[in-house]
Amino acid sequence: MNQITLQNDGSIFESNKMVPGDSLMILGCQVELGQGYTLRSFFRMFEKYTLLVKLDAFVADCIQRYRECPKGHCTINDIDHLEFYKTVEMIGFPGEPRLEIYHTLCGVRGAETLEIKLFHLESLLDMPLKLGVLKHVIFGDKVDVFEFDTVFNLFEFIEGIIWELSFQGTPKECAL
Amino acid sequence: MFKKLLFATTASPTCDNAAKVAFDLELKWDAKLIILHVFGVPSRGYSPFVTDARTGEAEEPDADYADWVKEEMKNTYGELLEDSENSVIEAVVGAPHREILRMARKEKVDMIIMGAHTRQEDVGATRYRAIAGSTMQKVAKAARCPVVIISRPCTTCWKLFSNIVIGLDFSKASQYAFLWAYKLAKEVGARLHIFHACDISSGNFGEIQGQNEIEQEIAAARKKIETTYISKMKGYDNYDIEIWEGIPYVEILKFSREKQGDLIVMAHHTRDIEPEQALLGSTVEQVVLRAACPVASVNHPDKVADMDV
């Protein structure tokens, strides 16, 4: 699988060359995050690669909210960093047995993971963003979760983060 | 406006946010609050067993067991019950949606309050599943009264109740939803934000709508709102109308956030079909999960029967 590196300034590099702005071929490439990558870097990518905005219904709305945030110091003490990971979950009962694979962006504090939907975007933008592992959950047993190294492609990375950010929007007065 | 409320709960932390709103409403409206928990193993008929939430073991339910469940519910909602003046706890065995609807019909409740999920899950996990809880879907589809769904903590919405967003899709159910939202807005003195989204995502494949065409659609929708809905408001002027183009659920979420909506009211489905045959529309599901405020789905005219439909 071809590898691309997402840089802090939003640019994408493949084999040490910057990828042109209208390229969609990189969507299936394995993602590596450059030094100092944050959630703000993720949004900067859409300014350089405007075609990627069309990948999800919520991208445009998320970008609009990003633009309303301060230009720096958007951090929060409640979490150490943001982590993007994959979950494979086998579900047996109730209902038909099925297997689900999905991506999650969450906050990490020590060994604990925290949902980000209750934090405001302006407190997350400058938090470091890291790629996590694959978590394997069997029949709802979330205590004994197996963890494996894995890779993410660019489509999974964008779609997973935007999905998660689409749940944000709690008014400030409700977060008191 | 609300004399009897039914709070359908799993009596687990997933319903805590809904519980706070339910108890708030009871006090605000001086209403009777029925707190209902349905337990039992899913089966085709009456189940002789229930699954104990704590041990996971199958138990045979009897009167003592139901009393014990009620006692546990009293502990769960102890703090909220302290301030409550007029609430009763009910625990019954059966299929949850059927028992909730049965209780709502028997008690002639004015509103059902529920959480969006039956399990505490990561938002990521809901992506490929039936998005909203299936009990909630079934109740919202068939209930004769409005169903308010709460999926996140809401500290201000019902106490500082000032902005009601009504999402219209011009279906028949949408008219009932509008009348209910109007009735509520008038009662509490809230501003009614009347909203419609022109769906520009559902054109023929590859066909892109021109700006003129979209603007014509917006103008037609505005005219329709003015003739069909505004005429029913009889002098009430605390409202505004907005029509945006885009994907309906994205636009209604954006609109509600912009207007700091305290409640979103919607009909269940986007197509004009019989309510009994309509599945909860995907627009409502997407809004329920993502909205920061409670979402009320209204499907039947029963609670607006006194108004000019």
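In case you missed it, the structure is sitting above this.
A brief structural summary. Note that the structure is a prediction, hence the values are computed from the model and not measured. (Residues numbered from 1 in each chain as written. Chains lettered and ligands numbered in written order. Predicted model: local features only at pLDDT ≥ 70, side-chain atom pairs only at ≥ 80, totals over all residues.)

### A closer look at the overall build of chain B
In step 1: Scanning chain B from terminus to terminus reveals 9 helices and 12 strands.
In step 2: Split into buried and exposed, the 309 residues of chain B put 45% on the buried side.
In step 3: Sequence-distant contacts in chain B: of pairs separated by 6 or more residues, those separated by 24 or more amount to 78%. (Helix = DSSP H or I, 4+ residues; strand = E, 2+ residues; numbered from the N terminus. Buried ≥ 20, exposed ≤ 12 C-beta atoms within 10 Å, placed from the backbone. Contact = placed C-beta atoms within 7 Å.)

### Structural notes on the sheet that holds strand S1 (residues 3–6) of chain A
Residue and element names in this part refer to chain A.
In step 1: An order of S3-S2-S1-S4 is seen for the 4 strands of this open sheet, with the pairing classed as mixed. Each edge of the open sheet carries a strand with a single partner, namely strand S3 (17–18) and strand S4 (30–33).
In step 2: Where S1 and strand S2 (residues 12–14) come together, 3 bridges link them in antiparallel fashion. Bridged to Thr5 within S2 is Phe13. (Pairing = 2+ DSSP bridges.)

### Description of the sheet that holds strand S9 (residues 191–199) of chain B
Residue and element names in this part refer to chain B.
In step 1: Taken together, 10 strands build an open sheet; the order of strands is S5-S2-S1-S6-S7-S12-S11-S8-S9-S10 and the sheet is mixed. Looking at the sheet topology across the chains shown, the edges are occupied by strand S5 (87–93) and strand S10 (239–246). Pairwise comparison of adjacent strand axes, ignoring direction, gives a mean angle of 25° for this sheet.
In step 2: Bridge analysis of strand S7 (residues 147–150) against strand S12 (residues 295–297) gives 3 bridges, and the strand direction is antiparallel. Within S12, the position partnered with Ile149 by the bridge is Val295.
In step 3: Helix H4 (residues 96–107) contacts strand S1 (4–8), strand S2 (32–39), S5 and strand S6 (111–115) of the sheet and is inclined by roughly 155° relative to S2.
In step 4: Of the strands in this sheet, S9 and S10 touch helix H7 (residues 211–229), which is tilted by about 140° from S9. (Axes fitted to C-alpha atoms, helices over the stretch in contact; angles between N-to-C directions.)

### Concerning helix H3 (residues 154–165) of chain A
In step 1: The end-to-end C-alpha separation of H3(A) is 17 Å, in line with the 16 Å expected for 12 residues at 1.5 Å each.
In step 2: Elements in contact with the buried residues of H3(A): S1, S4, helix H1 (39–48), helix H2 (59–67), strand S5 (81–91) and strand S6 (98–109) of chain A. (Expected span 1.5 Å × (residues − 1).)

### Some remarks on the pairing of S6(A)
Residue and element names in this part refer to chain A.
In step 1: With 11 bridges joining them, S5 and S6 adopt antiparallel strand pairing. Note on S6: the bridge partner recorded for Phe84 is Leu105.
In step 2: Hairpin connection between S6 and strand S7 (residues 112–114): a loop of 2 residues separates the two successive antiparallel strands, and Gly110 in this loop has a positive phi of roughly 60°.

### Overview of unusual backbone geometry
For residues other than glycine, phi is negative in most cases, and the peptide bonds are mostly trans.
In step 1: Phi is positive for Ser15(A), which is not a glycine, with a value near 50°.
In step 2: Relative to the helices and strands, Ser15(A) is located in the loop between S2 and S3.
In step 3: Residue Lys108(B) is not a glycine yet carries a positive backbone phi of 50°.
In step 4: Its place among the elements puts Lys108(B) in the loop between H4 and S6.

### With respect to the nonpolar core
In step 1: Ranked by internal contacts, the top residues of the largest apolar core, which has 118 residues, are Phe7(B) and Ile112(B).
In step 2: Per-domain counts for this core show at least three residues from each of domain 1 (4–150) and domain 2 (163–304) of chain B. (Core = buried A, V, L, I, M, F, W, Y, C linked by C-beta atoms within 7 Å. Domains from an automatic or database assignment.)

### With respect to H4(B)
Residues and elements named next belong to chain B.
In step 1: If you check H4, its first and last C-alpha atoms are 16 Å apart, about what 12 residues at 1.5 Å a residue would give, namely 16 Å.
In step 2: For H4, the full list of buried residues reads Pro96, His97, Glu99, Ile100, Leu101 and Ala104.
In step 3: One or two steps after H4, the chain reaches Lys108, where phi turns positive at roughly 50°.

### Topic: the pairing of S9(B)
Residues and elements named next belong to chain B.
In step 1: As defined by bridge partners, strand S8 (residues 163–167) adjoins S9 across 5 bridges and the pair is classed as parallel. Among the inter-strand pairings, Ile166 is bridged to a residue of S9, identified as Ile194.
In step 2: You can see the chain leave S8, run along helix H6 (residues 172–188) and come back into S9, and the turn it takes is right-handed.
In step 3: Pairing analysis gives 8 bridges linking S9 to S10, with the strands arranged parallel. Its bridge partner lying in S10, Cys198 is registered against Glu245. (Right-handed = clockwise from strand over helix to strand, strands pointing away.)

### A short note on the environment of Asn86(B)
Residues and elements named next belong to chain B.
In step 1: Along the polypeptide, Asn86 turns up in the loop between helix H3 (78–83) and S5.
In step 2: Among the residues examined, Asn86 registers 13 C-beta atoms within 10 Å and is labelled partly exposed.
In step 3: C-alpha separation for the pair Asn86 and Lys32, spaced 54 residues apart in sequence, amounts to 5.1 Å.
In step 4: Those residues in contact with Asn86 that sit more than four places away from it in its chain are Glu26, Lys32 and Leu33.

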